[in-house]
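Report on the structure
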Amino acid sequence: MPVPGAGELRSQIHRYLLDFLPRPEDARRPELAEYARLLRDYPERGGKMLRGTLCLYAALAHGASFERALPVAAALELFQNWALVHDDIEDGSEERRGRPTLHRLYGVPLALNAGDALHAFMWALLVHAKAPQPVFSEFAELSTRTARGQHLEISWLEAARFDLTGADYLEMVSDKAAYYTAAAPLRLGALIVGEAPPPLYLDAGLKLGTGFQIMDDVLNLAGDNEKYGKEIAGDVWEGKRTLILLHYLRSCAPEERSKAERLLRTARESKKAGEVAWLHSRLLHSGAVQHARGVAEKLLAEGLSELKSSFKGLPNQEAALALWDLLETLVRREA
């Protein structure tokens, strides 16, 4: 059977995920119909479903059947959705996938509860699919790592830290985003068929996932609003300590740094649009964005180089090639 293209895999994952969630029309009372609508809101918006697609290709490459791998890929997308609901609340984000964030539409309590429910449905889906025990352990690991990285980022904002280095950023992103973006999907591909993941899946996956997140930071400043699906310059409004910002702060004049730090210490609701536009422009024209792109490209090249020999020995070479092609897009992307 030919390996489906990425678009077809995304459609299959999307359908499976939505079929597993409750439907408003099946609710026995209006409040529970609203509950179902909240749970389905982010999943119905779609998104790239990159992580689930990577997981599915990795499993097929290792010789898994489509039917065996699909539920795990869908569960990984449920992880992505509940984590985004919580992340948007914690960051005070305004926009997700081209629409207002869930907590802006329904308020924090209902949005938070919906994120908790999606988290529970993630585990329920794995139980329903009778996933192997190592798959459950991997989901526990990716959840733990993501929470640890998120704590680092939030704590830096709470403490108004500006003494951070690029190494600090890379450590935070390795846990918060890189593990579940690339390392976990690769590892799950092996675990689904009962194999121990090669150690390089962790090392290379972290490099690829980190490169992806750096490019996400780049697109937050330099991307197309319609394609990007999130608020342009949202990282400036939220005061995120990105690799771009840290490089800029190290290289700009002292008086400019002081002005930028004062703005970044200001709560989002008190920031002035003109001041945010000033810092946005300075970040774009300071060379910091180009520096970040270079770091991302280097991580991509290193990660792919480490994976090349391993992929040659996988039983389904058509799926391995599709997986390789998708991994190459992690950094070389426009949105």
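Here, every reference points to the structure presented above.
Residues numbered from 1 in each chain as written. Predicted model: local features only at pLDDT ≥ 70, side-chain atom pairs only at ≥ 80, totals over all residues. Heavy atoms only, no water.

1. Observations concerning the overall build of the protein chain
Counting its regular elements, the protein chain contains 16 helices and two strands. Since a compact globule built from 335 residues should have a radius of gyration of about 20 Å, the 20 Å found for the protein chain is in line with a globular shape. The dimensions of the protein chain, computed from C-alpha atoms along their principal axes, are 60 × 55 × 30 Å. Taken over 335 residues, the protein chain has a buried fraction of 55%. Expressed as a percentage of contacts within the protein chain between residues at least 6 apart in sequence, the contacts between residues at least 24 apart total 74%. Entry remark: accessible area of the protein chain is about 14,400 Å², with carbon and sulfur atoms responsible for 53%. Put simply, the protein chain has 41 plus and 46 minus side-chain charges, and the middle of one group is 1 Å from the middle of the other. (Helix = DSSP H or I, 4+ residues; strand = E, 2+ residues; numbered from the N terminus. Rg over C-alpha atoms; globule rule 2.2 N^0.38 Å. Buried < 20%, exposed > 50% of the residue type's maximum accessible area, 1.4 Å probe, protein only. Contact = heavy atoms within 4.5 Å. Areas by Shrake-Rupley, 256 points an atom, 1.4 Å probe, with all protein chains shown as cover. Lys, Arg positive; Asp, Glu negative; His and termini not counted. Charge placed at Lys NZ, Arg CZ, Asp CG, Glu CD.)

2. Thoughts on the pattern of salt bridges
Using the criterion set out here, one finds 27 salt bridges in the structure. With its nearest N and O atoms 3.6 Å apart, the salt bridge here joins Asp87 to Lys176. Of the two residues, Asp87 is situated in helix 4 (residues 66-91) and Lys176 in helix 8 (residues 166-191); the sequence distance between them amounts to 89 residues. Lys176 matches Asp87 in its accessibility class, with the two residues each being buried. Glu256 is the partner of Arg282 in a salt bridge, and the nearest nitrogen-oxygen pair spans 2.8 Å. Here Glu256 lies in helix 13 (residues 254-265) and Arg282 lies in helix 14 (residues 273-285), a separation of 26 residues in the sequence. A residue is classified by how much of its surface remains accessible, and Arg282, at 26% relative accessible area, is partly exposed. One network of salt bridges, in which partners are shared, links Asp87, Asp91, Glu94, Arg104, Glu153, Lys176, Glu231, Glu238, Lys240 and Arg268. (Salt bridge = Lys/Arg side-chain N within 4 Å of Asp/Glu carboxyl O.)

3. Structural notes on the packing of aromatic side chains
What the rule picks out here adds up to seven aromatic pairs. Between the aromatic rings of Phe20 and Phe121, the centroid separation amounts to 6.2 Å while the plane-to-plane angle is 90 degrees, which identifies the pairing as edge-to-face. Pair noted here: Phe20 is in helix 1 (residues 6-20) and Phe121 is in helix 6 (residues 108-128), with a separation of 101 residues, a long-range link. Ring centres of Phe79 and Trp82 lie 5.2 Å apart, and the angle between their planes is 80 degrees; on these two criteria the pair is classed as edge-to-face. Within this pair, Phe79 and its partner Trp82 are both found in helix 4, separated by three residues, close to a single helical turn. The pair formed by Phe79 and Trp82 is uniform in burial state, with each residue classed as buried. Among the aromatic residues, those joined into a cluster by ring pairs are Phe79, Trp82 and Tyr180. A cation over a ring is seen here: Arg241 above Phe162, with NZ or CZ 4.1 Å from the ring centre. (Phe/Tyr/Trp six-rings, centres within 6.5 Å; stacked < 30°, edge-to-face > 60°. Lys NZ or Arg CZ within 6 Å of the ring centre and 35° of its normal.)

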